[in-house]
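Architecture at a glance
Below, each chain spelled out in residue letters.
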Amino acid sequence: MTTTTSGAAQVELAIGGMTCASCAARIEKKLNRMDGVEATVNYATEKAKVVFDADVSVADLIATVEATGYTAQEPEPPKSETSGAADGPSDEEKADAELRPLKQRLITAVALAVPVIAMAMIPALQFSYWQWLSLTLAAPVVVYAAWPFHKAAWTNARHGAATMDTLISVGTIAAFAWSLWALFFGTAGTPGMTHPFEFTIARTDGAGNIYLEAAAGVTAFILAGRYFEARSKRKAGAALRALMQLGAKEVTVLRRGSPLLERSGEFGGGQELTVPTAELQVGDRFLVRPGEKIATDGTVVEGSSAVDASMLTGESVPVEVTVGDSVTGATLNAGGRLVVEATRVGADTQLARMARLVEDAQNGKAAAQRLADKISAVFVPVVIALALGTLGFWLGTGQGLTAAFTAAVAVLIIACPCALGLATPTALMVGTGRGAQLGILIKGPEVLETTRKVDTIVLDKTGTVTTGRMTLLQVHSAENVTETDVLRLAGALEHSSEHPIAQAVATGAAAKLGTLPTPEDFANVPGLGVQGIVEGHAVLVGREKLLAEWAMELPEPLKSAKQEAEKKGRTAIAVAWDGEPRAVLEVADAVKETSPEAIRRLKSLGLTPILLTGDNKTVAEAVAAEVGIDTVIAEVMPQDKVDVVKRLQTEGRSVAMVGDGVNDAAALAQADLGLAMGTGTDAAIEAGDLTLVRGDLRAAADAIRLARKTLGTIHSNLFWAFAYNVAALPLAAAGLLNPMIAGAAMAFSSVFVVGNSLRLRGFQPTDR
């Protein structure tokens, strides 16, 4: 989709063929070299966001990307919710189709490489013609399974670049080619040939050595890493899909002649029609019954109700709306029947704007540069130069072509570390597995790289620090009135109401008393509360104004209790029966019991907590004081949350964000590290980098500790994966590397990496 802003056009291209972060950097560099073009390429989302002048066309941009060795196209417009199968495969089906070839290559590589490695490493399995069986099994691995690496290496070579793919391709081809030479032209094909475990350093011509296990093993290990990486990347767009699925799928539209509109004097003789939400137009009037989602942004033209907008705004208390008030699509009608006139539809709605915020934040997040690729950019050219230098040196000293070629190929083989393929996947697998046991889900290796630098943690209030639901916290009774009487009568009456605050009172009363009596009469007073008869008593429960309409005034003790509750940001409910005010109830979104301890743990990790919420300032400051947070930013809309995170980042802070609602999704995506509460919405979970399954904020501290430890393990794995091989390079160049030293170096580095990763299984959360 192409848009135009202030004379410059903007397009988002879907990029194909990238295999590592350096690919994205290369494409970005090529695009930015074009006159009048500014581009950012995101490896994780496989998209390029390009701003270009009128002199440049989209076709020019695509041609530049293709000339770099990759594919580019404009993404297809999003399908409507009502689109059927006839519209073509879904995004998920396309992602599965792209992942399927990689999965097939991985299965092939593992199935064939395991016996090859076993025969090479276990002398007891080396029967008379074992080397020929190894060749038969390894050939499909090197040719078919490793094809993506060879293709990428060729693309890189054409553009004068070297990455991990180059090292893998050159190493596996060198190992396989030399094995072929040794089998067909050397002595390795002799029946009964074995690779004994001899750790002697001696010069050899290599004619009896094969390296098929190195070629097959490296391919299988690296493919496993790529497959798990691709699985995590396919979730990049899931946050947007989750957001768009929050809206109502169908809506009851009131057409001319509807009985409802006839009563209100709008039209004469009509009907109610159920249509897909996508067909709504500005000006349409639609019906929202209690418990239904509001289909789109609009203005109330009839009725009054309480609207639960917490998932969009973070406001914990439902908002009372009546004629003339604005309502937002995807929020929940928690009270009476409403007639709403649509003012914004489709891409103009608040929900659609939030989806764009999430997408912009995801695309704007810098792609994590893999440490292995950084090392490879230097390591690969050095190794190739060393191999060529070794070949030239031995030829120049008159050692013969065979000995010189043996030494040169040995350099290439030993430089291709098996352990490198295990370094990230094993640590990530063990770390994420241990995290899952503790209720912490880590999405991928990119996530870990930011945890070490995070110094500020921004916390949503509703559902994160607090429970996210209204709870009866305290009962203040008048003189000679028992708490039991208050809860029995007020709870019975509120039980008949659908209002969330009423339900909080009813739930609290039922929890203390068990069963509640059934009211003999009940009536809802819109915007004020409820009234009815319970056990022969005329009962009123609601705002102080409701009591005033019945000429009742709260006595001083209850009035003071009400004022004190409101200072704490709580909702105060008056209760009266038989013409006398009897009690004040305090209802609020209660702080989770574990939140104060969680804040202490986050501070101990060197993080500065900030409470960021759409709720009002009084409530936010009261909650912050209770849990020990010093900085509060309240009354912010979703787009403001993103701006706050951006502002903190421009101040030089590395920001983590913890949230659970739709209103947090864009901020979670914008933050350097997004932690989503697993008890929250799908949109928040998909936008986050880490998911805290239990909804316990203490898990945020454990998640950061585990992520940092897992990252440290990956770094140490990568170091040792290279170190063993680098240490053996001088031996290879000197022509002193026999097959068992090469095999032992690779095997030992792999065992070390696996063992180092397994230490993560012992990670323990802070004592609870």
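Predicted, not measured: the structure shown is a model, and the values here were computed from it.

Quick look at the packing of aromatic side chains now. Per the counting criterion, the structure on display carries three aromatic pairs. Ring centres 4.9 Å apart and planes at 20° place the aromatic pair Trp 178 and Trp 181 in the stacked group. Here Trp 181 and Trp 178 lie together in helix 6 (residues 164-184), a separation of three residues that amounts to about one turn. Of the residues examined, Trp 178 reaches a relative accessible area of 5% and is grouped as buried. Where Phe 393 meets Trp 394, the ring centres are 5.3 Å apart and the plane angle is 80°; that geometry is what we call edge-to-face. Using a relative accessible area of 9% as the deciding quantity, one classes Trp 394 as buried.

Time to look at the nonpolar core. By size, the foremost hydrophobic cluster in this structure holds 54 residues, and its most contacted members are Ile 210, Leu 212, Leu 223, Phe 379, Val 383, Val 411 and Leu 729. Considering each element in turn, this core owes the most residues, 10 residues, to helix 7 (residues 212-233). Aside from chain neighbours lying at most four places away, what touches Phe 379 is Leu 167, Ala 415, Phe 722, Val 726 and Leu 729. By size, the runner-up hydrophobic cluster in this structure holds 45 residues, among which are Val 627, Leu 673, Ala 701 and Ala 703.

With 12 residues, helix 5 (residues 147-158) extends 17 Å from end C-alpha to end C-alpha; this agrees with the ideal 16 Å at 1.5 Å per step. Those residues of helix 5 not exposed but buried are Phe 149, His 150, Ala 152, Ala 153, Thr 155 and Asn 156. Following helix 5 by one or two positions, Gly 160 adopts a phi angle in the positive range, close to 65°.

This part covers the sheet that holds strand 13 (residues 332-333). Taken in spatial order, the three strands make up an open sheet running 11-10-13, and their pairing is antiparallel. Every other strand in the sheet has two partners, leaving strand 11 (319-321) and strand 13 as the edge strands with one partner each.

Let us now look at the pairing of strand 23 (residues 608-612). The element strand 23 is largely enclosed, with a buried count of four among its five residues. Note that strand 16 (residues 456-460) and strand 23 share five bridges and pair parallel. Residue pairing across strands places Leu 459 opposite Leu 611, the latter belonging to strand 23. Examined bridge by bridge, strand 23 and strand 24 (residues 631-633) share three bridges and lie parallel to one another. Residue pairing in the sheet places Leu 612 in a bridge with Ile 633 of strand 24. Handedness of the strand 23-helix 22 (residues 617-627)-strand 24 crossover: right-handed.

Bringing the sheet that holds strand 22 (residues 580-591) into the picture now. Reading across the sheet, the six strands line up as 17-22-21-20-19-18 and stay open at both edges, with antiparallel pairing between neighbours. Looking along the sheet, the strands with just one partner apiece sit at the ends: strand 17 (466-477) and strand 18 (521-525). For this sheet, the mean angle separating the axes of adjacent strands, direction not counted, is 20°. Most of the contacts of helix 18 (residues 500-513) go to strand 17, to which it runs at about 65°, and overall it touches strand 17, strand 21 (571-577) and strand 22.

Scanning the entire structure with this criterion turns up 20 salt bridges. The shortest N-O distance in the salt bridge between Arg 488 and Asp 485 comes to 3.0 Å. Of the two residues, Arg 488 and Asp 485 both sit in helix 17 (residues 483-494), three residues apart, roughly one turn of that helix. The exposure class of Arg 488 is partly exposed, given its relative accessible area of 23%. Classification of Asp 485 as partly exposed rests on a relative accessible area of 26%. Here the salt bridges share partners, and the residues they tie into one network are Asp 485, Arg 488 and Glu 535.

Further remarks concern a negative patch on the surface. A grouping of Asp 35, Glu 38, Asp 53 and Asp 55 is seen on the molecular surface, where their side chains present a negatively charged patch. With respect to the helices, strands and loops of the structure, Glu 38 is situated in strand 3 (residues 37-42). Judged by relative accessible area, which is 58%, Glu 38 ranks as exposed.

Here we come to the confidence of the model for the protein chain. Overall, the predicted model of the protein chain reaches an average pLDDT of 79, with 79% of residues at or above 70. Confidence, expressed as mean pLDDT per element, reaches its minimum in the protein chain at helix 9 (residues 259-263) with 44 and its maximum at helix 4 (residues 130-145) with 93. Confidence drops under a pLDDT of 50 for residues 78-86, and excluding neighbours within four residues, the segment shows seven contacts in the predicted structure. Considering only residues more than four positions removed or in separate chains, one finds that residues 364-369, a stretch of pLDDT under 50, has 13 contacts.

Below, the discussion takes up the environment of Ala 703. Inspection of the secondary structure puts Ala 703 in helix 26 (residues 698-733). Residues Ala 703 and Leu 441 lie 262 residues apart in sequence; the distance between their C-alpha atoms is 8.4 Å. Ignoring any residue separated from it by four or fewer positions in sequence, one finds Ala 703 in contact with Ile 440, Leu 675, Leu 690 and Leu 692.

With that out of the way, let us pick up the packing of helix 17 against helix 18. Two numbers describe how helix 17 lies on helix 18: the axes approach to 8 Å, and their chain directions differ by 135°. When the interaxial angle is binned, helix 17 and helix 18 end up oblique. The way helix 17 lies across helix 18 gives a crossing that is left-handed. Packed against helix 17, whose contacting residues are Glu 483, Thr 484, Leu 487, Arg 488, Ala 490, Gly 491 and Glu 494, the element helix 18 presents Ala 502, Gln 503, Val 505, Ala 506, Ala 509, Lys 512 and Leu 513 at the interface. Its residues assigned to classes, the contact of helix 17 with helix 18 shows seven nonpolar, three polar and four charged.

The rules behind these values
- Residues numbered from 1 in each chain as written.
- Predicted model: local features only at pLDDT ≥ 70, side-chain atom pairs only at ≥ 80, totals over all residues.
- Heavy atoms only, no water.
- Phe/Tyr/Trp six-rings, centres within 6.5 Å; stacked < 30°, edge-to-face > 60°.
- Helix = DSSP H or I, 4+ residues; strand = E, 2+ residues; numbered from the N terminus.
- Buried < 20%, exposed > 50% of the residue type's maximum accessible area, 1.4 Å probe, protein only.
- Core = buried A, V, L, I, M, F, W, Y, C linked by side-chain atoms within 4.5 Å.
- Contact = heavy atoms within 4.5 Å.
- Expected span 1.5 Å × (residues − 1).
- Pairing = 2+ DSSP bridges.
- Right-handed = clockwise from strand over helix to strand, strands pointing away.
- Axes fitted to C-alpha atoms, helices over the stretch in contact; angles between N-to-C directions.
- Salt bridge = Lys/Arg side-chain N within 4 Å of Asp/Glu carboxyl O.
- Patch = residues over 30% accessible without salt bridge, like charges linked within 9 Å, V, L, I, M, F, W, Y side chains within 5 Å.
- Areas by Shrake-Rupley, 256 points an atom, 1.4 Å probe, with all protein chains shown as cover.
- Lys, Arg positive; Asp, Glu negative; His and termini not counted.
- Charge placed at Lys NZ, Arg CZ, Asp CG, Glu CD.
- pLDDT = per-residue confidence, 0-100.
- Parallel < 35°, antiparallel > 145°, perpendicular 65-115°, else oblique.
- Left-handed = near helix turned anticlockwise from the far one by under 90°.
- Nonpolar A, V, L, I, M, F, W, Y, C, P; charged D, E, K, R; others polar.

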